[in-house]
Amino acid sequence: MLSVPPEPWRFPDVSESKEEQALGEIAGVDLSGPYHSLRVARVIDETRDARSIVLEIPDPLRDLFAYRAGQFLTFRFEVAGEKLVRCYSLASCPASESEHKVTIKRIADGRVSNWIHEALAAGHYVEVMRPAGLFTLRNRDRAVVLFGGGSGITPCISILKTALATTDRKVRLLYANRDEESVIFRDELRNLEERYPERLSVVHRYDVVHGFADEAAVREHVGADLDADFYVCGPAGFMDVVERTLLASGVSREHVFIERFGSPAGAKKPEVEVRSTTPGAGESRIEIVLGGKTHEIPWLAGETVLAAAKRAGLEPPFACEEGYCGCCMAKLVEGAVDLQSNDCLDRSQLAEGWILTCQGVPREGRVRVRYPD
Ligand SMILES: Cc1cc2nc3c(=O)[nH]c(=O)nc-3n(C[C@H](O)[C@H](O)[C@H](O)COP(=O)(O)OP(=O)(O)OC[C@H]3O[C@@H](n4cnc5c(N)ncnc54)[C@H](O)[C@@H]3O)c2cc1C
Ligand code: FES
């Protein structure tokens, strides 16, 4: 069932004139869109297939780009003439490192990850949204128990470093990789273990030696700490076994935090209640401006803007389809939209007319939505 969330996620009708209003500038930095142009300070080849990008944040954007351990950045890259939006978790520590670092694992046939490994270099500029995400270090006086698999280490290491630097909590990481050569941040983790011998322990698991992590491995890592905070990020099968075992062991769901690295190419179809599927019945039209081109497309009552755009054969940006990554943001230029959920946009963005197209269901009447150029 579609439920209508309370204020402020119900949008008033907005007009073209509101969209044209200047949204403000800070010391010459344009803040009018969700993307900001950031310089790549350097790239670091961490392993054969993992590369870090360190970003320069200009002073006027420092506040906007302040982040919590575990959050991610949403990037928009131009690859072979196509604009592609992808999220990458911050692997740096907001409490002890001044730089913003993301680490990208190369994926077979992955368009963006391969382009980053082959073409992106220091001195290039990239388009980046401010940090977002709810997979963050919670403030609780309990152990922090992390399960990271492959590139899923990125938000985990940020949480791990921050817990060590800012609290007295014990921290344990189970880190699963194909083999020893694939381990990202191996030296950094070893140094941290030496620095915090009483508080940090890291258990490495290699698929080729130990097999995939199973229930027994998860239970052993948890030990008696059933009341800890648990953070899980890695391949789907890894996360499933960890989550299932934690819950079966009696861990409370509210202390289990999971980050899923979804990709538009592998994303599930959104679950949308469409009130009419009979062609012609209940169908109206909405207008979408994407890549500078205006498309008038059919819309079925109950459908999100993103679902309608995809059904019409357009290729709008999206990733999580759950309302938290911000990849699918667009501006509501005309009409009214109800957001099914929103874990991403703040009040000022909502007031400016930004919507999450994966969550935005047009109300009756004319709706016009413009994706950022
Ligand atoms: C919140 C969030 C945080 C993320 N953080 C990171 C991060 O820190 N580091 C990182 O490397 N990635 C991260 N990702 C994943 C990243 O956004 C991209 O999805 C990934 O880099 C693949 O993009 P691509 O363009 O190279 O592949 P695409 O061209 O989108 O996909 C090509 C093929 O690879 C498959 N594929 C896509 N992603 C994966 C995957 N993760 N594992 C296996 N197969 C896949 C697809 O199904 C498809 O068949 C994160 C994703 C989210 C939503
Ligand atoms: S696709 Fe992530 S918020 Fe819409």
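These numbers were taken from a predicted model, which means no experiment stands behind them. (Residues numbered from 1 in each chain as written. Chains lettered and ligands numbered in written order. Predicted model: local features only at pLDDT ≥ 70, side-chain atom pairs only at ≥ 80, totals over all residues. Heavy atoms only, no water.)

Is there a simple way to explain the packing of helix α6 (residues 215-222) against helix α7 (residues 236-248) in this structure?
For any two helices packed against each other, the geometry is given by the interaxial angle and the distance between the axes. Close contact between α6 and α7 brings their axes to 9 Å; oriented N to C, the two are set at 60°. Our classification of the angle between α6 and α7 gives oblique. The crossing of α6 and α7 is right-handed. Packed against α6, whose contacting residues are Glu215, Val218, Arg219 and Val222, the element α7 presents Val241, Val242, Thr245, Leu246 and Ala248 at the interface. Here the contact of α6 with α7 is built from residues that sort into six nonpolar, one polar and two charged. (Axes fitted to C-alpha atoms, helices over the stretch in contact; angles between N-to-C directions. Helix = DSSP H or I, 4+ residues; strand = E, 2+ residues; numbered from the N terminus. Parallel < 35°, antiparallel > 145°, perpendicular 65-115°, else oblique. Left-handed = near helix turned anticlockwise from the far one by under 90°. Contact = heavy atoms within 4.5 Å. Nonpolar A, V, L, I, M, F, W, Y, C, P; charged D, E, K, R; others polar.)

I tried to follow the packing of aromatic side chains on my own but got confused; where do I start?
Applying the stated criterion across every chain yields a total of six aromatic pairs. Aromatic pair phenylalanine 72 and tyrosine 324: ring centres 6.3 Å apart, planes at 75°, arrangement edge-to-face. With phenylalanine 72 in strand β5 (residues 72-79) and tyrosine 324 in the loop between α8 (305-311) and β16 (329-334), this pair connects stretches of sequence that are 252 residues apart. Ring geometry for phenylalanine 135 against tyrosine 231: centres 5.5 Å apart, planes inclined by 85°, an arrangement best described as edge-to-face. Residue phenylalanine 135 is located in the loop between β8 (125-128) and β9 (144-149), and its partner tyrosine 231 is located in strand β12 (residues 229-233); the two are separated by 96 residues in the primary sequence. Residue phenylalanine 135 shares its accessibility class with tyrosine 231, and that shared class is buried. Among the aromatic side chains, those forming a connected cluster through ring pairs are Phe75, Phe77, Tyr88 and Trp115. We note lysine 310 situated over the ring of phenylalanine 318; from NZ or CZ to the ring centre the distance is 4.0 Å. (Phe/Tyr/Trp six-rings, centres within 6.5 Å; stacked < 30°, edge-to-face > 60°. Buried < 20%, exposed > 50% of the residue type's maximum accessible area, 1.4 Å probe, protein only. Lys NZ or Arg CZ within 6 Å of the ring centre and 35° of its normal.)

Explain the sheet that holds strand β4 (residues 50-56) to me, please; I cannot follow it from the model alone.
As a general point, the strands of a sheet are linked pairwise by backbone hydrogen bonds and lie either parallel or antiparallel. Pairing is antiparallel across the open sheet formed by six strands, whose spatial order is β6-β5-β8-β3-β4-β7. Unpaired on one side and paired on the other, β6 (82-89) and β7 (100-105) mark the two borders of the sheet. Ignoring strand direction, the axes of neighbouring strands in this sheet form an average angle of 40°. Pairing between strand β3 (residues 36-47) and β4: seven bridges, direction antiparallel. The partner of arginine 42 across the bridge, within β4, is valine 54. This element, helix α2 (residues 111-119), spans β4, β5, β6 and β7 of the sheet and lies at about 85° to β6. (Pairing = 2+ DSSP bridges.)

When you look at the nonpolar core in this model, what are you seeing that I'm missing?
Here is a general trend for soluble globular proteins: nonpolar side chains tend to be buried in one another's company. Residues Ile288 and Leu345 are the most contacted members of the largest nonpolar core, which totals 39 residues. Ranked by residues supplied to this core, first place goes to α8 with four residues. Per-domain counts for this core show at least three residues from each of domain 1 (7-129) and domain 3 (283-370). Counting 28 residues, the second largest nonpolar core, distinct from the first, contains Ala69, Cys156, Leu173 and Val183. (Core = buried A, V, L, I, M, F, W, Y, C linked by side-chain atoms within 4.5 Å. Domains from an automatic or database assignment.)

Is there a simple way to think about the sheet that holds strand β10 (residues 171-177) in this case?
Within the open sheet, the five strands sit side by side as β11-β10-β9-β12-β13. Their pairing is parallel. The strands lining the two open edges of the sheet, one partner per strand, are β11 (200-206) and β13 (256-259). When the angles between neighbouring strand axes are averaged without regard to direction, this sheet yields 15°. Pairing of β12 with β13 involves four bridges; the strand directions are parallel. The residue bridging phenylalanine 230 from the neighbouring strand is valine 256, located in β13. Strands β9, β10, β11 and β12 of the sheet are contacted by helix α3 (residues 153-166), whose axis makes an angle of about 155° with β9. Across the sheet, helix α4 (residues 186-195) lies against β10 and β11, angled at about 145° from β11, the strand it touches most.

What is the right way to look at unusual backbone geometry in this model?
Peptide bonds are, in most cases, trans, and in most cases residues other than glycine have a negative phi. The phi dihedral of aspartate 109 falls on the positive side, at around 65°, and the residue is not glycine. Within the fold, aspartate 109 resides in the loop between β7 and α2. You can call aspartate 109 exposed: its relative accessible area is 77%. Of note, the phi angle at phenylalanine 185 is positive, near 65°, even though the residue is not glycine.

Could you clarify how one ought to interpret the environment of glutamine 349 in this entry?
Its place among the elements puts glutamine 349 in helix α9 (residues 347-352). As for glutamine 349 and proline 34, which are separated by 315 residues in sequence, their C-alpha atoms are 8.8 Å apart. The contacts of glutamine 349, once residues within four sequence positions are left out, are Arg130, Met329, Cys344 and Trp354.

Got a minute to help me understand the confidence of the model for the protein chain in this structure?
Reading predicted coordinates in detail is not appropriate for stretches of low pLDDT. When pLDDT is averaged along the protein chain, the result is 87; 85% of the residues meet or exceed 70. Below pLDDT 50 for its whole length, residues 1-29 participates in 56 contacts with residues either more than four positions away or in separate chains. In this model residues 267-281 is a low-confidence stretch, pLDDT under 50, and it forms 27 contacts with partners more than four residues away in sequence or in other chains. (pLDDT = per-residue confidence, 0-100.)

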